Amino acid sequence: DAEITQSPRHKITETGRQVTLACHQTWNHNNMFWYRQDLGHGLRLIHYSYGVQDTNKGEVSDGYSVSRSNTEDLPLTLESAASSQTSVYFCASSDPGTSGSYEQYFGPGTRLTVT
Amino acid sequence: DQQVKQNSPSLSVQEGRISILNCDYTNSMFDYFLWYKKYPAEGPTFLISISSIKDKNEDGRFTVFLNKSAKHLSLHIVPSQPGDSAVYFCAAYSNYQLIWGAGTKLIIKP
């Protein structure tokens with residue numbers, strides 16, 4: 001079965017460190033998204049990609065970067081982790097053009113704590 | 001400015017009764033809406049959707065109603081079951097992206 005996986009599931013890091021969160025999908029979807037979820041804010045879009053070599057900033061992109069070198073993976077990098085980036089991070093994918101559905105499929109999330 | 005709003009952070013409903021979760025939006029160009037359900041420590045999962053050409057869509061115990069003139073949609077769960085306890089997110093589709101509400105935590109009491 002197709003799926004979307006995230007690793008690690010939990011991460012504790014120190015302020016100032018670079019951190020990379022992995023996202024891998026086997027849906028063969030063109031669109032991939034990174035969100036953070038914080039209490040009272042729902043899901044906020046960090047970065048997104050509509051295909052290989054394409055990346056775009058979302059509403060809360062400061063301090064984050066992504067790269068898309070293949071269809072399956074969209075790693076999220078925190079250049080210099082800050083305590084404000086303590087959150088739960090979700091990766092998602094979609095492909096309305098081929099699936100006919102606007103639905104996004106989500107990974108299980110990564111809980112990141114910056115101390 | 002939030003384009004999709006879920007004004008009730010939480011809702012408590014007796015098992016077997018109807019749960020009604022509400023969502024308002026501000027952009028009249030939105031023409032497709034989705035509801036997601038999220039359990040703790042899991043990613044959101046798709047529940048039901050509705051296109052603006054309809055005013056109602058049903059799937060088993062779940063029904064979504066859309067009132068375009070009021071820019072309002074609601075999710076009805078009948079009857080409510082203990083497994084329905086979760087956070088419910090409303091989202092609007094726009095340009096390959098989903099615009100999310102803040103979520104409503106539904107608690108089903110025995």
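Data block above holds the structure.
## Quick notes on the overall build of chain A
Then step 1. A count of helical and extended segments in chain A gives one helix and 11 strands.
Then step 2. The C-alpha atoms of chain A give 13 Å as radius of gyration, which agrees with the globular expectation for 115 residues (13 Å, within 12%).
Then step 3. Each principal axis of the C-alpha distribution contributes one length, and for chain A these read about 40 × 30 × 25 Å.
Then step 4. With 115 residues in all, chain A has 49% of them scored as buried.
Then step 5. The contacts of chain A with a sequence gap of at least 6 include a subset with a gap of at least 24, amounting to 54%.
Then step 6. As presented, chain A carries roughly 5400 Å² of accessible surface, and 44% of it is formed by carbon and sulfur atoms.
Then step 7. In chain A, which carries 8 positive and 12 negative side-chain charges, the distance between the mean positions of the two groups comes to 9 Å.

## Some thoughts on the packing of aromatic side chains
Then step 1. Tallied over the full model, the rule gives 19 aromatic pairs over all chains.
Then step 2. Here the aromatic cluster, defined as three or more aromatic residues joined through ring pairs, consists of Phe33, Tyr35, Tyr48, Tyr50, Phe90 and Phe106 of chain A together with Tyr36, Phe46, Phe89, Tyr96 and Trp100 of chain B.

## Focus on the interface of chain A and chain B
Then step 1. In this assembly, 20 residues from chain A lie in contact with 18 residues from chain B.
Then step 2. Across the chain A/chain B interface, buried area totals approximately 1500 Å², and carbon plus sulfur atoms make up 62% of it.
Then step 3. Of all residues in chain A, Leu43, Tyr102 and Glu103 of chain A give up the largest surface area on contact with chain B, accounting jointly for 33% of the area buried on that side.
Then step 4. At the junction of chain A and chain B, the tally comes to zero salt bridges.
Then step 5. Linking chain A with chain B are six residue pairs in polar contact (both at pLDDT 80 or more), by the criterion used here.

## Looking at a nonpolar patch on the surface
Then step 1. On the surface, a cluster of nonpolar side chains totalling about 220 Å² of accessible area is made up of Ile18, Ile20 and Val78 of chain B.
Then step 2. With respect to the helices and strands, Val78 of chain B occurs in the loop between β8 (72–77) and β9 (86–94).

## Observations concerning the pattern of salt bridges
Then step 1. By the definition in use, this model includes six salt bridges over all chains.
Then step 2. Arg44 of chain A is the salt-bridge partner of Asp38 of chain A, the closest N and O atoms lying 2.9 Å from each other.

## Some thoughts on the pairing of strand β3 (residues 19–25) of chain B
Residue and element names in this part refer to chain B.
Then step 1. Taking every second residue as pointing to the same face, the buried face of β3 carries Ser19, Leu21, Cys23 and Tyr25, while none of Ile20, Asn22 and Asp24 on the other face is buried.
Then step 2. Pairing analysis gives two bridges linking strand β1 (residues 4–5) to β3, with the strands arranged antiparallel. Its bridge partner lying in β3, Lys5 is registered against Asp24.
Then step 3. In this sheet, β8 lies alongside β3 in antiparallel orientation, the contact comprising six bridges. Looking at the pairing, Asp24 lines up with His72 of β8.

Calculation notes
In every chain, residue numbers begin from 1 and rise along the written sequence. Both sets of labels track the order of writing: A upward for chains, 1 upward for ligands. Restriction of local features to residues with pLDDT of at least 70 applies here, the model being predicted, together with a cutoff of 80 or more for giving and counting side-chain atom pairs; totals for whole chains, interfaces and linings are based on all residues. Side-chain figures throughout are based on the complete set of non-hydrogen atoms in the structure, without hydrogens or water. Only DSSP runs of H or I covering at least 4 residues are called helices, and only runs of E covering at least 2 are called strands; the numbering of each starts at the N terminus. The globule rule used for comparison is 2.2 Å times the number of residues to the exponent 0.38, while the radius of gyration itself is calculated over C-alpha atoms. When a residue's accessible area, from a 1.4 Å probe over protein chains only, is under 20% of the maximum for its type it is buried; when over 50% it is exposed; and in between it is partly exposed. We call two residues contacting when some pair of their heavy atoms lies within 4.5 Å. Residue-level accessible areas treat just the shown protein chains as cover; the underlying method is Shrake-Rupley with a 1.4 Å probe. Charged residues are defined narrowly, with Lys and Arg counted positive, Asp and Glu counted negative, and His plus the chain ends left uncounted. For charged residues, the charge sits on one atom: NZ in Lys, CZ in Arg, CG in Asp, CD in Glu. Paired rings are identified among Phe, Tyr and Trp, the last through its six-membered ring, by centres lying within 6.5 Å, and are further divided according to the angle between planes into stacked (under 30 degrees), edge-to-face (over 60) and tilted (the rest). When two components associate, each loses some accessible surface as probed by a 1.4 Å sphere; the sum of these losses over both components is called the buried area. The term salt bridge refers to a pairing of a side-chain nitrogen on Lys or Arg with a carboxyl oxygen on Asp or Glu at a separation within 4 Å. Think of a polar contact as two N or O atoms within 3.5 Å of one another; within protein, one of them needs to be a possible hydrogen donor and the other a possible acceptor, and neighboring residues in sequence only count if both atoms come from side chains. Only residues whose relative accessible area exceeds 30% and that form no salt bridge enter a patch; like-charged residues are grouped when within 9 Å of one another, and nonpolar side chains (Val, Leu, Ile, Met, Phe, Trp, Tyr) when within 5 Å. A pair of strands is treated as paired once DSSP finds two or more bridges between them.

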